[in-house]
Amino acid sequence: QVQLVESGGGLVQAGGSLRRSCAAPLSIVWIATRGWYRQAPGKQRELVAVITSGGTTNYADSVKGRFTISRDNTKNTVYLQMNSLKPEDTAVYYCNTYFSRNRNYWGQGTQVTVSS
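Every value quoted in this text rests on a predicted model; they were computed, and no experiment measured them.

**Q** Can you walk me through the overall build of the protein in this structure?
**A** Secondary structure summary: the protein contains zero helices and eleven strands in total. Starting at the N terminus, the α and β elements of the protein follow one another as β-β-β-β-β-β-β-β-β-β-β. The C-alpha radius of gyration of the protein comes to 13 Å, within 12% of the 13 Å expected for a compact globule of 116 residues. For the protein, the spread of C-alpha atoms along the principal axes amounts to about 40 × 25 × 20 Å. Within the protein, the fraction of its 116 residues that count as buried is 41%.

**Q** In this structure, what is going on with the side chain of glutamate 6? I would like to understand it.
**A** Within the secondary structure, glutamate 6 is located in strand β1 (residues 5-7). Within polar-contact distance, the side chain of glutamate 6 engages the backbone nitrogen of cysteine 95 at 2.9 Å. Of note is the side chain of glutamate 6, whose polar atom sits 3.3 Å from the backbone nitrogen of glycine 109.

**Q** Help me out: how do you make sense of the state of the cysteines in this one?
**A** A complete count under the given rule lists one disulfide for this structure. The side chain of cysteine 22 participates in a disulfide bridge whose partner is cysteine 95; the two sulfur atoms lie 2.0 Å from each other. Between cysteine 22 and cysteine 95, the disulfide has an S-S torsion of -80 degrees and is therefore left-handed. Pair noted here: cysteine 22 is in strand β3 (residues 18-23) and cysteine 95 is in strand β9 (residues 91-100), with a separation of 73 residues, a long-range link. For the pair cysteine 22 and cysteine 95, a shared accessibility class is recorded, and that class is buried.

**Q** For this particular structure, what's the right way to read the packing of aromatic side chains?
**A** Two aromatic rings are characterised by how far apart their centres lie and by the angle between their planes. Here the structure, examined in full by the defined rule, presents two aromatic pairs. Relative to tryptophan 106, the ring of tyrosine 37 has its centre 5.1 Å away and its plane inclined at 65 degrees; by these criteria the two rings are edge-to-face. Residue tyrosine 37 is located in strand β4 (residues 33-39), and its partner tryptophan 106 is located in strand β10 (residues 103-106); the two are separated by 69 residues in the primary sequence. On the basis of relative accessibility, which here comes to 22%, the residue tyrosine 37 falls in the partly exposed class. Taking 6.2 Å as the distance between ring centres and 80 degrees as the angle between the ring planes, the aromatic pair formed by phenylalanine 99 and tyrosine 105 counts as edge-to-face. Over the ring of tyrosine 94 we find arginine 45, and its NZ or CZ is 3.8 Å from the ring centre.

**Q** Mind showing me how you'd approach the sheet that holds β3 here?
**A** Think of a sheet as strands paired side by side through backbone hydrogen bonds, with each pair either parallel or antiparallel. Pairing within the open sheet is antiparallel, and its four strands lie in the order β1-β3-β8-β7. The sheet terminates laterally at β1 and β7 (67-72), the two strands that pair on one side only. Strand-to-strand twist of the sheet, defined as the mean angle between neighbouring strand axes without regard to direction, takes the value 15 degrees. Sheet topology places β7 next to strand β8 (residues 77-82); six bridges connect them, and they run antiparallel. Counterpart to isoleucine 69 in the pairing with β8 is leucine 80.

**Q** Could you clarify how one ought to interpret the nonpolar core in this entry?
**A** Most often, soluble globular proteins have nonpolar side chains that are buried together. Counting 29 residues, the largest nonpolar core has Trp36, Val48, Phe67, Ile69, Leu80, Met82 and Tyr93 as its most contacted members. Of all elements in the fold, only β3, β5 (46-51), β7, β8, β9 and β11 (110-115) reach the threshold of two or more residues within this core. Here the element with the most residues in this core is β9; it accounts for four residues. Excluding residues within four positions of it along the chain, isoleucine 69 makes contact with Arg34, Gly35, Trp36, Ala49, Val50, Ile51, Thr57, Tyr59, Val78, Tyr79 and Leu80.

Cut-offs used in this document
Residues numbered from 1 in each chain as written. Predicted model: local features only at pLDDT ≥ 70, side-chain atom pairs only at ≥ 80, totals over all residues. Heavy atoms only, no water. Helix = DSSP H or I, 4+ residues; strand = E, 2+ residues; numbered from the N terminus. Rg over C-alpha atoms; globule rule 2.2 N^0.38 Å. Buried < 20%, exposed > 50% of the residue type's maximum accessible area, 1.4 Å probe, protein only. Polar contact = N/O pair within 3.5 Å; in protein donor to acceptor, adjacent residues only side chain to side chain. Disulfide = S-S within 2.5 Å. Phe/Tyr/Trp six-rings, centres within 6.5 Å; stacked < 30°, edge-to-face > 60°. Lys NZ or Arg CZ within 6 Å of the ring centre and 35° of its normal. Pairing = 2+ DSSP bridges. Axes fitted to C-alpha atoms, helices over the stretch in contact; angles between N-to-C directions. Core = buried A, V, L, I, M, F, W, Y, C linked by side-chain atoms within 4.5 Å. Contact = heavy atoms within 4.5 Å.

As structure tokens, this is what we get:
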């Protein structure tokens, strides 16, 4: 079972910033779509941001203009820069690497808490 390696996250005050990173120990990961999802208590997991192999990005409306997803294929790593954080951004954040329905990998998840 392949495990993506996440880092970053933690506790921050509202208005602050955090940067998440996720390394994928996989071959040809540069062809995969990479993304970040989050799950708040009592809610379903939701998409935060994705970036395709070609660099096309897509964001949840709630984070547009505040979060930026990027990738460095030389390091097999995807990043999520989170600025102007709000208490409603509090959730467990998960990294995802998607090749196909049968090759879909998740990170272990890391708590991000934004205090007001």
